[in-house]
Amino acid sequence: MIAWLSRIILIFLILTLIYVVLLFANRWKMRQILKAEHAAADKPGDQRSYIAKGLQKYEASVKPKLLLSVFVVPIVVIGVLLYLAHRA
């Protein structure tokens, strides 16, 4: 039982690391896109505030999707595979 618990904790740590890396990578990519948009459109106002507003909107849309794809989907797939392996 302890071996299963340690593996579950390890899996959650790995998934958390993947989530954090993807979150920062997506945030950096979106920041670059927003900088390019601001420069290309010659928008009036501060570039920092434009990027901050854009990132705030982007994070609200991407965090739930990222949580679902990194945590929920792999856990459900592992659960189904374990169920099918023990059933057969």
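Everything in this summary refers to the structure shown in the same document.

1. Digging into the overall build of the protein chain
- Counting its secondary structure elements, the protein chain contains two helices and zero strands.
- For the protein chain, whose C-alpha radius of gyration is 19 Å, the value lies well above the compact-globule estimate of 12 Å for 88 residues.
- In terms of overall dimensions, the protein chain has a C-alpha envelope of 65 × 25 × 15 Å along the principal axes.
- The burial tally for the protein chain puts 15% of its 88 residues in the buried class.
- Counting only contacts in the protein chain whose residues sit at least 6 apart along the sequence, the fraction spanning at least 24 positions is 66%.
- Element-wise, carbon and sulfur atoms account for 72% of the exposed surface of the protein chain, whose accessible area totals about 7000 Å².

2. Quick notes on the packing of aromatic side chains
- Taken as a whole and assessed by the stated rule, the structure comprises one aromatic pair.
- Judged by centre distance (5.9 Å) and plane angle (50°), the ring pair of Tyr 19 and Phe 71 falls under tilted. Of this pair, Tyr 19 sits in helix 1 (residues 2-41) while Phe 71 sits in helix 2 (residues 47-87), and the two are 52 residues apart along the sequence. Across the pair, Phe 71 and Tyr 19 agree in class, each one buried.

3. Section: the packing of helix 1 against helix 2
- Following both chains from N to C, one finds helix 1 and helix 2 inclined at 150°, their axes separated by 9 Å at the closest point. In terms of their interaxial angle, helix 1 and helix 2 are classed as roughly antiparallel. Crossing geometry of helix 1 relative to helix 2 is assigned as right-handed.
- Split into classes, the residues belonging to the contact of helix 1 with helix 2 amount to 19 nonpolar, five polar and six charged.

4. As for the environment of Leu 67
- Structurally, Leu 67 is set in helix 2.
- C-alpha separation for the pair Leu 67 and Leu 15, spaced 52 residues apart in sequence, amounts to 9.7 Å.
- Ignoring sequence-local partners within four residues, the contact set of Leu 67 consists of Tyr 19 and Val 72.

5. Notes on helix 2
- Between the first and last C-alpha of helix 2 there are 58 Å, a value that for 41 residues agrees with the 60 Å anticipated at 1.5 Å per step.
- Packed against the buried residues of helix 2 are helix 1.

Conventions we followed
- Per chain, the residues get numbers from 1 upward, laid out in the order the sequence is written.
- Confidence filtering applies because this is a predicted model: local features only for residues at pLDDT of at least 70, side-chain atom pairs given and counted only at 80 or more, and all residues used for totals across whole chains, interfaces and linings.
- Side-chain numbers here rest on the full set of heavy atoms in the structure, without hydrogens or water.
- Comment: elements are numbered from the N terminus, with helices defined as DSSP H or I runs of at least four residues and strands as E runs of at least two.
- In this description the radius of gyration comes from C-alpha coordinates, and the expected globular size is given by 2.2 Å times residues to the power 0.38.
- For each residue, the accessible area found with a 1.4 Å probe, counting protein chains only, is set against the maximum for its type, and the residue is called buried under 20%, exposed over 50%, and partly exposed in between.
- Contact definition: two residues touch when any of their heavy atoms are within 4.5 Å.
- To measure how exposed things are, a 1.4 Å probe is used in the Shrake-Rupley method; for residues, cover is taken only from the protein chains shown.
- A pair of aromatic rings is counted whenever rings of Phe, Tyr or Trp (Trp by its six-membered ring) have centres within 6.5 Å, and the orientation is called stacked for planes under 30 degrees apart, edge-to-face for over 60 and tilted otherwise.
- Here the axes come from fitting lines to C-alpha atoms, over the contacting stretch only for helices, and the angles between their N-to-C directions go from 0 to 180 degrees.
- Geometric relationships in this document are graded by angle, where less than 35 degrees denotes roughly parallel, more than 145 denotes roughly antiparallel, 65 to 115 denotes roughly perpendicular, and other angles denote oblique.
- Note on convention: near helix rotated counterclockwise from far helix by under a right angle means a left-handed crossing. Clockwise means right-handed.
- Following the grouping adopted for this structure description, the nonpolar residues are Ala, Val, Leu, Ile, Met, Phe, Trp, Tyr, Cys and Pro, the charged ones are Asp, Glu, Lys and Arg, and the polar ones are all others, Gly among them.
- To estimate the expected span of a helix, subtract one from its residue number and multiply by 1.5 Å.

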